[in-house]
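The primary structure of each chain is shown beneath.
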Amino acid sequence: MDNNEIKKENRKALPKIIFIMVISLLAGGPAGFCSAKYGLDSLSNGMESV
């Protein structure tokens, strides 16, 4: 594979990666905030003691 072909494939994949990152941010941000605010992190403490 030529170096130019690799660069072309990377440029083609960039929008998909950015889209996946934005979706992950939109899903993970509120989930993390709610779990911290409403004390849902106690589940991890229970699993740690087991």
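Criteria and cut-off values
- Residues numbered from 1 in each chain as written.
- Predicted model: local features only at pLDDT ≥ 70, side-chain atom pairs only at ≥ 80, totals over all residues.
- Heavy atoms only, no water.
- Salt bridge = Lys/Arg side-chain N within 4 Å of Asp/Glu carboxyl O.
- Helix = DSSP H or I, 4+ residues; strand = E, 2+ residues; numbered from the N terminus.
- Buried < 20%, exposed > 50% of the residue type's maximum accessible area, 1.4 Å probe, protein only.
- Expected span 1.5 Å × (residues − 1).
- Bend = angle between axes of the 7 residues up to and from the residue.

(A) Highlighting the pattern of salt bridges. Under the definition given, this model contains one salt bridge. Glu-9 is paired through a salt bridge with Lys-12; the nearest N and O atoms lie 3.7 Å apart. Linking Glu-9 with Lys-12, this pair stays in helix H1 (residues 3–37), spanning three residues, or about one helical turn. The class of Lys-12 is exposed, set by a relative accessible area of 55%.

(B) Focus on H1. For H1, spanning 35 residues, the distance from its first C-alpha to its last is 49 Å, which sits close to the expected 51 Å at 1.5 Å a residue. Along its length, H1 shows its largest kink, about 35 degrees, at Ala-13, and proline Pro-15 lies within four residues downstream of that point.

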